[in-house]
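# A closer look at the structure
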Amino acid sequence: EVNWHHVLSCVSTLLVCHAEAEQLVKDLLGHLLRKGFENYDLESLITAFLIARQAALEGPALFMPYSEWFKLAFGSASGFHGSSKKAVVFLFKFLSELVPFEAPQYLKVHIMHPPFVPTKYRPFLVEYVTLAKTRLADFKVAIEDMGLYEDLSSTKDALQPHCQALQDVEKAVQIFENTGKVPAVVLEASVFRRPYYISRFLPALLTPRLLPETPDSHMALIDALKRAEKIPPNAYSRFIEECQSVKEKFLRGGRPETRTGDLREPLELLKAELRALKQLVTDQGMQDAVPAQIAIISEKLAAVLGPRKDEAEAASLSLRIKLNLSVPEVPQQDLEVISLLLTAFCQNIMAASYFNPPDRQGVWPSLFVKMLCGHRQLLSSLLSRLCQLIYHQGPSLSEAHIIGLAVFVVHLNEASSLIPEVDIYSWVPHGVTARGLSVAELWDHLLPCRTGESIVFCMRFCTAAVSYFLCKFSSFSHEFLLASLHPGFVKKLQYIVPRLIVEVRGTGCGGDMTEFPWKSLFHSAACYQEAVHCLWQQSHFKRLLQEKMFQLTFREWLLMELGVHPDEDILSASERQEFHYWALYQHYLPAPADAGGCAGDLQEACAVVIGSVLDFCQRSELSNCSHLEKPKCSVSHLRGSPEIHGRLQEMVLEVELERRRAPPDSQAAKKHFLFRMLQGRVKALGPDSAEGERLLQQQELILQTRILLCLPPSLLITTRWKGKEIALDCEDFFCFVNTGLVRSGLRRTAALSATDLRYPFCHLGES
């Protein structure tokens, strides 16, 4: 006989205590199912189902939900049961025999996500579904009252239909907000589950409230359903009237009631468990007790969060988190909890590092972060809070906060598979700055290098993150480091460190250290430059810089430098000019192309600079189309650093002088790269048949014209030898004006360009 209580306890303990256990359990389940259907071994099938259900109870941070596992195992034609009729009969006989003993949540999974069966075997499925529905009726659970997004594998007591409908509305609004389309589940429910849709979903959706002046996503979904004739006209009219009543009451002095749930007792319990964790992480002999303590913290955190949101299915990971970069909002009920958790994490990191380096601190940071990711209803607020701290308050943070948050971010990247994609919105109304970012890519946007303060903070943050990562995973393979370390941290250091520390410019800083900079970084805030020097000479870090994915290219360097506001820079004008000359002429110009450089080709360097300036201006125009509404956003900031434009003028003039010095019959003397490069960018935008493409082409041409007007006219209309005489060479210029500006409808811009360039050449023929 098998003591299943002990076996399943071991499964749970394995998943909690070992990060690699999830894949091991998946492999074991696959082996058991193959064996079960190959030999029609009932014991193997029973074992597989018991282990899968027990593993799912540990939460999505440790193992996939039971509903997801059941769909993967049996939901397609390639499932374990799809080999023959005998296998199908074997599966349904097993499931049918379980029905009298099944809990309602598992019957729901089997009904809502049934096994795939060929058409000729459908009677077996119909018979099982009928049997399962009858059993659910015994539990007084009606399929008709099941929510659209109900977590079918949850072991919690089923919510009341009204509460479930409210959560369905919340999820539908979130999906509509991310996709701009009415969720297919809602449209299907309006036809195939009409009783639930009419009696539960619509009343929850049309709950009267104080409507915002600008329609929000909730109201937009209502309007979309109304246009699709999925909301009865009388119900919509009643909703508008009741909302008007709410507004009138508000204007008369009434205030909406605020929910002030009593969270003090659960919150105090959570604080107590976090204090207990601190005692464990600082004691090397108590590391084995850490996973269990983090599991307790997860339980207390769930009690604090309460029933505000039910746990989403694994499919909810495909939904995107929306993050307002300018005004990140954290609900008040989440702010205190998240601040408590982040503070505890930072304090624990500092306390543990006082006794041991990162590679001897155990797995508690990784488990802690994965535990937080398992509470998915907290992820949006967590990322918003990190945006507040890193993007808005970064330079004012203490050393302990910077180090702690950098470590937290490293482990958040490690758990990226548990975090949905992120859409970042700027301050522009309804404007998206970036869509579909992974959590690792998010940090590139939260660590801008625009002012002296932000540049120094970015260097401190990235130094802490990279130093911790290299020390924490020092025993791992080089391939693991390449796959796990976010290249953005290394690239920002490659940009900032030579900018601020003159000694590291050139081929290297000298030396080849094996010691990690964590010690000097951790023990003294005044030793930040020492930590940077140490990191720059560290052998693992220097090896990373040889990898293509970690190398900062010339274009990336330019985009970062263009974003710096000269009037708020930490460098003086002369220091900045010295840095530019080093980067352009000593570093990127001679660097090989496969290392992100120009291989000594000055013409190629000019092309990269022009392309980068245009890309930067294009990005600024799109994301700051209403910059006059933002006081601190000047036109010069939108066009990038004026000093880079100055360097461009110097480089283009040098290219032109080289062209003129070349022999008359040589290829270098004939070709003019500037207009060919600009025409290539316009062609890359595609045909201007559609309105959107035409507007993009016009914007590109306007930006190109701005750059051309900043260059000496002699570079645009040149001379060439025609026999024994010198003639004007203006074909490229007039081709740009006629085929580009005029045909694109920019006649006024074309006229201005011609006027600006006319006078310098009016006496050229006399010279």
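Definitions and cut-offs
- Residues numbered from 1 in each chain as written.
- Predicted model: local features only at pLDDT ≥ 70, side-chain atom pairs only at ≥ 80, totals over all residues.
- Heavy atoms only, no water.
- Helix = DSSP H or I, 4+ residues; strand = E, 2+ residues; numbered from the N terminus.
- Buried < 20%, exposed > 50% of the residue type's maximum accessible area, 1.4 Å probe, protein only.
- Areas by Shrake-Rupley, 256 points an atom, 1.4 Å probe, with all protein chains shown as cover.
- Pairing = 2+ DSSP bridges.
- Axes fitted to C-alpha atoms, helices over the stretch in contact; angles between N-to-C directions.
- Parallel < 35°, antiparallel > 145°, perpendicular 65-115°, else oblique.
- Left-handed = near helix turned anticlockwise from the far one by under 90°.
- Contact = heavy atoms within 4.5 Å.
- Phe/Tyr/Trp six-rings, centres within 6.5 Å; stacked < 30°, edge-to-face > 60°.
- Salt bridge = Lys/Arg side-chain N within 4 Å of Asp/Glu carboxyl O.
- Polar contact = N/O pair within 3.5 Å; in protein donor to acceptor, adjacent residues only side chain to side chain.
- Nonpolar A, V, L, I, M, F, W, Y, C, P; charged D, E, K, R; others polar.
- pLDDT = per-residue confidence, 0-100.
- Expected span 1.5 Å × (residues − 1).
- Arc of directions from axis to C-beta.

A tally of regular secondary structure across the protein chain gives 35 helices and five strands. Among the 767 residues that make up the protein chain, the fraction classed as buried is 49%. Counting only carbon and sulfur atoms, one obtains 55% of the accessible surface of the protein chain, whose full area is about 37700 Å².

By the alternation rule, side chains of strand E1 (residues 321–324) split into Ile321 and Leu323, which are all buried, and Lys322 and Asn324, of which none is buried. Pairing analysis gives four bridges linking E1 to strand E2 (residues 422–425), with the strands arranged parallel. Of the residues in E2, the one forming a bridge with Ile321 is Val422.

Packed helix pairs are specified by the crossing angle of their axes together with the interaxial distance, meaning the distance between the axes. Direction vectors running N to C along helix H20 (residues 452–472) and helix H24 (residues 528–537) enclose 50 degrees, while the axes themselves pass 10 Å from each other. When the axes of H20 and H24 are compared, the pair comes out oblique. The crossing of H20 and H24 is left-handed. Between H20, through Met459, Arg460, Phe461, Thr463, Ala464, Val466, Ser467 and Leu470, and H24, the contact on the second element is made entirely by Tyr528, Ala531, Val532 and Leu535.

This brings us to the packing of aromatic side chains. For the structure shown, the criterion picks out 33 aromatic pairs. Look at Phe345 and Phe368: their rings are 5.6 Å apart centre to centre, the planes differ by 45 degrees, and that puts the pair in the tilted class. Within this pair, whereas Phe345 is found in helix H15 (residues 332–355), its partner Phe368 is found in helix H16 (residues 364–374), the two being separated by 23 residues in sequence. As far as burial versus exposure is concerned, Phe345 and Phe368 are alike and both buried. Summarising the aromatic geometry, the rings of Trp364 and Phe368 are spaced 6.5 Å apart at their centres and angled 80 degrees between planes, so their arrangement reads as edge-to-face.

Now for the pattern of salt bridges. One pass over the full model with this rule turns up 20 salt bridges. One salt bridge in this structure joins Asp569 and Arg576, with 3.0 Å as the shortest N-O distance. For Asp569, a relative accessible area of 13% corresponds to the buried category. Among the charged side chains, a network of salt bridges with common partners joins Arg499, Glu561, Asp569, Arg576 and Glu643.

Let us now look at the environment of Asp567. Tracing the sequence through the fold places Asp567 in the loop between helix H26 (554–562) and helix H27 (573–588). Distance in space between the C-alpha atoms of Asp567 and Thr451 is 8.4 Å, their sequence separation being 116 residues.

The next point concerns the side chain of Arg576. Note on placement: Arg576 falls in helix H27. Engagement of the side chain of Arg576 in a polar contact is seen with the side chain of Glu643, the distance being 2.4 Å.

Two numbers describe how H20 lies on helix H22 (residues 487–500): the axes approach to 9 Å, and their chain directions differ by 130 degrees. Classified by the interaxial angle, the pair formed by H20 and H22 is oblique. Crossing hand, H20 versus H22: left-handed. Two secondary-structure elements touch here, H20 through Ile455, Val456, Cys458, Met459, Phe461, Cys462, Thr463, Ala465 and Val466 and H22 through Phe489, Val490, Lys492, Leu493, Ile496, Val497, Arg499 and Leu500. Counted by class, the contact of H20 with H22 contains 14 nonpolar, one polar and two charged residues.

Per-residue confidence for the protein chain gives a mean pLDDT of 81, with 81% of residues at or over 70. For the protein chain, per-element mean pLDDT is lowest for helix H35 (residues 747–758), which scores 50, and highest for H22, which scores 94. Under a pLDDT of 50 for its full length, residues 625–636 has, in the predicted model, eleven contacts with residues more than four places off or in other chains. For the stretch residues 752–767, pLDDT sits under 50, and the model shows 14 contacts to residues farther than four places along the chain or on other chains.

A few words now on helix H2 (residues 21–39). Its 19 residues give H2 an end-to-end C-alpha distance of 27 Å, which sits within 8% of 27 Å, the value for a rise of 1.5 Å per residue. When H2 is considered as a whole, its buried residues turn out to be Ala21, Val25, Leu29, Gly30, Leu32, Leu33, Gly36 and Phe37. Lining the buried residues of H2 we find helix H1 (4–17), helix H3 (42–56), helix H4 (66–74) and helix H5 (85–98). Following H2 by one or two positions, Tyr40 adopts a phi angle in the positive range, close to 50 degrees.

Next up on the list: the environment of Ser84. Note on placement: Ser84 falls in the loop between H4 and H5. The spacing of Ser84 and Phe37 is 47 residues in sequence and 9.8 Å in space, taken between C-alpha atoms.

Now for the environment of Tyr468. Looking at the element boundaries, Tyr468 is found in helix H20. By relative accessible area, Tyr468 is classed as buried at 1%. Separated by 109 residues in sequence, Tyr468 and Asp359 have C-alpha atoms that sit 8.9 Å apart. Sequence-distant contacts of Tyr468, defined by excluding residues within four places in its chain, comprise Pro358, Pro365, Val407, Val410, His411 and Trp518.

The subject of this paragraph is the side chain of Arg647. Note on placement: Arg647 falls in helix H30 (residues 642–661). Residue class for Arg647 comes out buried when judged on its relative accessible area of 9%. Those residues in contact with Arg647 that lie beyond four places of it in its chain are Gln577, His580, Tyr581 and Leu584.

Along its 14 residues, H1 runs 20 Å from first to last C-alpha, staying within 8% of the 20 Å computed at 1.5 Å per residue. Here H1 has its buried residues at Leu8, Val11, Ser12, Leu15 and Val16. Angularly, the buried residues of H1 cover 130 degrees about the axis, an arc narrow enough to put them on a single face. Contacts from the buried residues of H1 go to H2, H3, helix H14 (290–305) and H16.

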